[in-house]
Amino acid sequence: IKLEQTASGAVVLLAQLSKSKVSAWGGDPGAYRGSLGALDAGVIVTIVTEVEKQIRSGKLAPAYFIYGNEAYWHDRLISLLSDAFPDGTEHVSGDETSWQELLDLLAQPSFFGPKLWIVRGAKPLFDQKPETWHITVAPGNCLLLSAIAKTNPAPKAFTQAMSEIGGVVIKVAEPSWREAANWVR
């Protein structure tokens, strides 16, 4: 288990779960104190659960990037964030928009209340390779990118840009039988 703090103050937690699974989480360093607790085989769920607690308490990050091959957690976090934005949720497909179009939408303040932009199938956005991965999210807006992929499809520059704005990167993976058994107990 390794904690790293970026130059912007964002904290990244890396926890080796097995030879093939690494979980990464980034966010406000002060908001998640005490969430590390007993890090065992259920660390991915512990981290996702901590993100759920923050969302339910109204402490929203400007952007979330969920990747991994466990569709259940993608749907659960999308549903939870959608509930936090009852009057303004827009769904966009990653293969039907460009990164620049998405940035233009996020930069515009919403005059009708907070707005959540959900991009399912976000992997094609990372294939576009813009000159920079600068992310600007107007106050009241929130971005959620969901990419169901075994490995992180985003380049390091995107992860750095997420860190700079206080965004949250979440890897979700299908639990092993042992991990699932621990959750049930």
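Structure: above.
Residues numbered from 1 in each chain as written. Predicted model: local features only at pLDDT ≥ 70, side-chain atom pairs only at ≥ 80, totals over all residues. Heavy atoms only, no water.

K.L.:
Explain the overall build of the chain to me, please; I cannot follow it from the model alone.
P.N.:
Looking only at helices and strands, the chain has six helices and eight strands in total. Traced from its N-terminal end to its C-terminal end, the chain shows the element sequence β-β-β-α-β-α-β-α-β-α-β-α-β-α. Counting across all 185 residues of the chain, residues that qualify as buried make up 44%. Counted over contacts in the chain with a minimum sequence separation of 6, partners at least 24 positions apart contribute 76%. Accessible area of the chain: about 9800 Å², with a carbon and sulfur share of 54%. (Helix = DSSP H or I, 4+ residues; strand = E, 2+ residues; numbered from the N terminus. Buried < 20%, exposed > 50% of the residue type's maximum accessible area, 1.4 Å probe, protein only. Contact = heavy atoms within 4.5 Å. Areas by Shrake-Rupley, 256 points an atom, 1.4 Å probe, with all protein chains shown as cover.)

K.L.:
What should I look at first to understand the packing of aromatic side chains in this one?
P.N.:
Each aromatic ring pair is described using two quantities: the centre-to-centre distance and the angle formed by the ring planes. One pass over the full model with this rule turns up nine aromatic pairs. On the basis of an interplanar angle of 85 degrees and a centroid distance of 5.5 Å, the ring pair of Phe65 and Phe158 is categorised as edge-to-face. Of the two residues, Phe65 is situated in strand 4 (residues 63–68) and Phe158 in helix 5 (residues 156–164); the sequence distance between them amounts to 93 residues. The exposure class of Phe158 is buried, given its relative accessible area of 0%. Members of the aromatic cluster, connected to one another through ring pairs, are Phe65, Tyr67, Trp99, Phe126, Trp133 and Phe158. (Phe/Tyr/Trp six-rings, centres within 6.5 Å; stacked < 30°, edge-to-face > 60°.)

K.L.:
How should I be thinking about the pattern of salt bridges in this particular structure?
P.N.:
A pair can form between side chains of opposite charge whenever their charged atoms are brought close. Counting across every chain of the model gives four salt bridges. Glu52 is the salt-bridge partner of Arg76, the closest N and O atoms lying 2.4 Å from each other. With Arg76 in helix 2 (residues 71–84) and Glu52 in helix 1 (residues 43–56), this residue pair connects regions lying 24 residues apart in the sequence. A relative accessible area of 30% places Arg76 in the partly exposed class. (Salt bridge = Lys/Arg side-chain N within 4 Å of Asp/Glu carboxyl O.)

K.L.:
I keep staring at helix 5 and nothing clicks. Help me out?
P.N.:
Note on helix geometry: an α-helix contains 3.6 residues per turn, so any two residues three or four positions apart are oriented the same way. Buried within helix 5 we find Phe158, Ala161, Met162 and Ser163. Against the buried residues of helix 5 lie strand 4, helix 3 (99–107), helix 4 (123–127), strand 7 (141–148) and strand 8 (168–171). One or two steps after helix 5, the chain reaches Gly166, where phi turns positive at roughly 80 degrees.

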